Each structure stands twice: as structure tokens, then as C-alpha cells.
Amino acid sequence: MKLLNIALDGPAAAGKSTIAKLLAAKLSMIYVDTGAMYRAITYKYLQQNKPEDFEHLIKTTDLSLTYDEVKGQRVILDNQDVTDYLRENDVTNNVSYVASKEAVRTFAVKKQQELSAKKGIVMDGRDIGTVVLPDADLKVYMIASVEERAIRRQKDNEERGIDSKVDQLKQEIADRDHYDMNRKISPLKKADDAITVDTTGKSIENVIEEILTLVHSIA
Ligand code: C5P
């Protein structure tokens, strides 16, 4: 099979990372979780008590991704592995704001484009098909009902020992989507040439099968 780049975009908690990870493993490709980059910058923003000078924040930021055979993608921020902090509520509730800033996006997009230059990447995010990899070999826009996304997120939280309520998660997910879809720079939207995959009511295996069929149709 020729080397491909696959772009996987969609709203919050639509199952992108679960699917992208499995897909990358099946296809012997590398999975890049771009949300983790925005989360790492948000972590730093919170550590520094929310400075408004994002140019400065970025200028003093060293961010890289490494890959661990067992743990997968790790995010190294200013020489520290911050991966385990990136799903904390405080980071989740501030990340859309930080990700709307031009200096932050320019910095992250450049790194993402460097990572995908050699191909063989499955990259998930909000603007991969529209901005980061406009020439991706396959673009998937993954959606699911808010209800189902909230239930899935609650299960994830439960597994990590975090107590959460479906109604509150529904609200948080809907708010984050609204912010991501309405920001000025690179808002979340389906690329014209992306294929929509609705995962509502489907098992992970079904979604993987559906996307693998798309991959094989182009490879
Ligand atoms: O995918 P994840 O939920 O980790 O993304 C966190 C946030 O990072 C999103 O809600 C969005 O604000 C931002 N993001 C983005 N562009 C990307 C990936 C994530 O703006 N490519």
C-alpha cells in the first residue's frame, strides 16, 4: 500500500482519538493527536495564571511529541512530560479559548505539518482536512449525537475514576463545539472533500471497518 496521510476531524468526543489510534495500528501508521498540543499549551497558560500575551507564551514554549510503544503519543512541554495532565477538567474547559488564538494556531499547525511531511500519518483534530493537510489522501468528518458523545465521555471518565453527570457533559460538549465552530481562525467544519461518518449507534469495530473500506478504495 502506498504511504497515505489520513485526516480525521469532528466535534468533541465523537470518538476520533479511539478510532484514529486503532486505525493507525491496523495500517502501521503513526497517530497524531493534535488536540493534545492545544491542551499542552492550555496547561502552560493555566500554570502561568492565564497570561493574555499569547505571542510571548508561545515564544517561550518548547513543545514536541514522542512515541512510546506502550503508552502511545507523549507530549513534552518545556522538557516535561505533561501527557497525564491534559485531560483534567480545567484544561478541557479552557482549551477552546486558547486554541482560538492566532499565535497558538500558527505554532501548532506548523508543527503538525512538519510531522506529516513524510506521510504515513493518521491525524485527528478540528482543522486537519481544511487547514493542516488540505491535500490529505483521505478526509473523514466524524460525528455522533450529543447524547451519545456525553454517555461515551462519562464512561471514559468512570474508567479514570472521575465522577461526572451526563447532562453536564452534554452542556460542556455542546459549548465547546459552538466555540470551535464559531471562532474566527480555522473554525471546525467539514472539508468539502471529506466523507462524513456518523458513529451514533455503531460499535468501534463497525466504524473501523467503514473507514478501512474507504482507505482500501483509495490505496
Ligand atoms: O480533540 P480534543 O478534545 O483533545 O481537542 C481539544 C480542543 O483543542 C478542541 O476543543 C479545540 O478547541 C482544540 N483543537 C483545535 N484544533 C485541532 C485540535 C484541537 O482547535 N486540530
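Residues numbered from 1 in each chain as written. Predicted model: local features only at pLDDT ≥ 70, side-chain atom pairs only at ≥ 80, totals over all residues. Heavy atoms only, no water.

S.K.: Could you clarify how one ought to interpret the UniProt feature "binding site: ATP" (unreviewed entry) in the protein chain in this entry?
M.R.: The positions UniProt marks with the feature "binding site: ATP" (unreviewed entry) are Gly 10, Pro 11, Ala 12, Ala 13, Ala 14, Gly 15, Lys 16, Ser 17 and Thr 18. Structurally, the position occupied by Lys 16 is in helix 1 (residues 16-26). In contact with Lys 16, not counting residues within four places along its chain, are Leu 8, Asp 9, Gly 10, Pro 11, Asp 124, Gly 125, Arg 126 and Met 142. Polar contacts involving the side chain of Lys 16 include one to the main-chain carbonyl oxygen of Gly 10, which spans 3.2 Å. Among the secondary structure elements, Ser 17 is positioned in helix 1. For Ser 17, a relative accessible area of 29% gives the class partly exposed. (UniProt positions renumbered as here; feature names shortened; annotations may be inferred. Helix = DSSP H or I, 4+ residues; strand = E, 2+ residues; numbered from the N terminus. Contact = heavy atoms within 4.5 Å. Polar contact = N/O pair within 3.5 Å; in protein donor to acceptor, adjacent residues only side chain to side chain. Buried < 20%, exposed > 50% of the residue type's maximum accessible area, 1.4 Å probe, protein only.)

S.K.: Mind showing me how you'd approach the packing of aromatic side chains here?
M.R.: Two aromatic rings are characterised by how far apart their centres lie and by the angle between their planes. Tallied over the entire structure, the rule returns 4 aromatic pairs. Between Tyr 45 and Phe 54, the ring centres sit 5.4 Å apart and the planes meet at 25 degrees, which makes this aromatic pair stacked. Across the pair, Phe 54 and Tyr 45 agree in class, each one buried. Through successive ring pairs, a cluster of aromatic residues spans Tyr 45, Phe 54 and Tyr 97. (Phe/Tyr/Trp six-rings, centres within 6.5 Å; stacked < 30°, edge-to-face > 60°.)

S.K.: Hey, could you run me through helix 8 (residues 166-182) in this one?
M.R.: An α-helical turn contains 3.6 residues, so any two residues separated by three or four positions project in the same direction. Its 17 residues place the ends of helix 8 24 Å apart at the C-alpha level, agreeing with the 24 Å of an ideal helix rising 1.5 Å per residue. Those residues of helix 8 lying buried are Leu 169, Ile 173, Arg 176, Asp 177 and Asp 180. For helix 8, the arc enclosing every buried residue in end-on projection is 100 degrees, short of the 170-degree limit, so these residues lie on one face. Opposite the buried face of helix 8, by more than 90 degrees, sit the exposed residues Asp 167, His 178 and Asn 182. Looking at the buried residues of helix 8, the elements they touch are helix 2 (35-47), helix 4 (89-99) and helix 7 (146-159). (Expected span 1.5 Å × (residues − 1). Arc of directions from axis to C-beta.)

S.K.: Got a minute to help me understand the nonpolar core in this structure?
M.R.: Buried together is how nonpolar side chains tend to be arranged in soluble globular proteins. Counting 34 residues, the largest nonpolar core has Ile 41, Leu 63 and Val 75 as its most contacted members. For this core, the elements supplying multiple residues, two or more each, are helix 2, helix 3 (54-59), strand 3 (63-68), strand 4 (72-77), helix 4, helix 5 (102-115), strand 6 (121-125) and helix 6 (128-132). Of all the elements, helix 2 adds the most residues to this core, at 8 residues. (Core = buried A, V, L, I, M, F, W, Y, C linked by side-chain atoms within 4.5 Å.)

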